[in-house]
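# Summary of structural features
So the chains spell out like this:
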Amino acid sequence: MRAAAFRLVSGATGLLFVGAGLALFFAFFAYQQPGSQPALPMGPLGHYFAAFAGCALVGWGGALLAGARDLATGRGIAPMTALALAGLALYRMLGWFMGDYYAWAGDLLRYEAALFLLLALAFVWLRPAPERRIA
Amino acid sequence: MLRWIATLVLVGLFALNLWMPSSPLGRRGNERTVRAHVPAAASWVGQRLPDLAFEDLDGRVVRSADLLGHPLLLVFERSVDW
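Residues numbered from 1 in each chain as written. Chains lettered and ligands numbered in written order. Predicted model: local features only at pLDDT ≥ 70, side-chain atom pairs only at ≥ 80, totals over all residues.

A separate point is the overall build of chain A. Along the backbone of chain A there are 5 helices and 0 strands. If you list the helices and strands of chain A from N to C, you get α-α-α-α-α. Intrachain contacts of chain A at a sequence separation of at least 6 include 72% that bridge at least 24 residues. (Helix = DSSP H or I, 4+ residues; strand = E, 2+ residues; numbered from the N terminus. Contact = placed C-beta atoms within 7 Å.)

This part is about the nonpolar core. One finds Leu117, Ala120 and Phe123 of chain A to be the most contacted residues of the largest nonpolar core, which totals 24 residues. Within the residue set of this core, elements represented by two or more residues are α1 (2–31), α3 (71–98) and α5 (108–125) of chain A together with α1 (2–19) of chain B. Residue contributions to this core peak at 9 residues, all from α5 of chain A. Ignoring any residue separated from it by four or fewer positions in sequence, one finds Leu117 of chain A in contact with Ala86 and Ala89 of chain A together with Leu10, Leu13, Phe14 and Asn17 of chain B. Of all hydrophobic cores here, the second largest spans 6 residues; its members include Leu24, Leu57, Trp60 and Leu64 of chain A. (Core = buried A, V, L, I, M, F, W, Y, C linked by C-beta atoms within 7 Å. Buried ≥ 20, exposed ≤ 12 C-beta atoms within 10 Å, placed from the backbone.)

Its 26 residues place the ends of helix α2 (residues 44–69) of chain A 38 Å apart at the C-alpha level, agreeing with the 38 Å of an ideal helix rising 1.5 Å per residue. The set of residues buried in α2 of chain A consists of His47, Gly54, Leu57, Trp60, Gly61, Leu64, Gly67 and Ala68 of chain A. (Expected span 1.5 Å × (residues − 1).)

Attention now goes to the packing of α5 of chain A against α1 of chain B. Two quantities define a packed helix pair, namely the angle between the helix axes and the distance between the axes. The geometry of α5 of chain A relative to α1 of chain B is characterised by a closest axis approach of 10 Å and an angle of 165 degrees between their N-to-C directions. With respect to their mutual orientation, α5 of chain A and α1 of chain B come out roughly antiparallel. Regarding α5 of chain A and α1 of chain B, the two cross each other, and that crossing is left-handed. Each of Arg110, Ala113, Ala114, Leu117, Ala120, Leu121 and Val124 of chain A in α5 of chain A lies in contact with α1 of chain B, whose residues at this interface are Arg3, Ala6, Thr7, Leu10, Leu13, Phe14 and Asn17 of chain B. Residue classes in the contact of α5 of chain A with α1 of chain B are distributed as 10 nonpolar, 2 polar and 2 charged. (Axes fitted to C-alpha atoms, helices over the stretch in contact; angles between N-to-C directions. Parallel < 35°, antiparallel > 145°, perpendicular 65-115°, else oblique. Left-handed = near helix turned anticlockwise from the far one by under 90°. Nonpolar A, V, L, I, M, F, W, Y, C, P; charged D, E, K, R; others polar.)

Another point: the confidence of the model for chain A. When pLDDT is averaged along chain A, the result is 91, and 99% of the positions lie at 70 or above. Mean pLDDT across the secondary structure elements of chain A bottoms out at helix α4 (residues 102–105) of chain A, with 77, and peaks at α2 of chain A, with 96. (pLDDT = per-residue confidence, 0-100.)

For α5 of chain A, with 18 residues, the first-to-last C-alpha span of 26 Å sits near the 26 Å given by 1.5 Å per residue. The elements touched by buried residues of α5 of chain A are α1, α3 and α4 of chain A together with α1 of chain B.

On to the packing of α3 of chain A against α5 of chain A, then. All names here are of chain A. Two numbers describe how α3 lies on α5: the axes approach to 8 Å, and their chain directions differ by 160 degrees. By the angle class used here, α3 and α5 are roughly antiparallel. Remark: the crossing between α3 and α5 carries left-handed chirality. For the pair α3 and α5, the contacting residues are Ala78, Thr81, Ala82, Leu85, Ala86, Leu88, Ala89, Arg92, Met93, Gly95 and Trp96 in the first and Leu109, Arg110, Glu112, Ala113, Phe116, Leu117, Leu119, Ala120, Phe123 and Val124 in the second. Among the residues making up the contact of α3 with α5, the classes are represented as 16 nonpolar, 2 polar and 3 charged.

Here is the structure:
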């Protein structure tokens, strides 16, 4: 039951991250087209770092998908995934609190922070137990 | 043990996320600033524009005196070029 729940959480999060990562990566190339209208209010520097984050998200999402297939892999990546998810939530909370992003994203940052914290808790508590090996 | 520490931190952050004021600090700060300055600004209506000097995008200095003699719309906005 716990293993199935972990596979579900890890797989869904992995798919989400791969999708978001690809979108950020290709947004950089779309931005280079003459006369392009970026979907997000970012300049050249913003797109540069978004593409960097996109590549990292694809790698992270791929690792989570691997963790969903193989529980030993999932056990290895779950703690750092929980830590990184907490980081994603923390900067969103600060961004929302300071108000600089409110006009653009409203309360979305706060909802995303809650989602990431719940996901982090799931990765902490659903982390697969170590395999028992009989010598 | 580590699992419980992580849980404590995450639940604490979740509670903080729920507990934070219903409107962001910055927005409330802006409202306070505007409210604090509105009475002063109201007293400026009808007054002469002070002598000001700005630099345009090409680096040329534009003085408020240069703008006299024709209709003028001044727009103040915060940059959103991130």
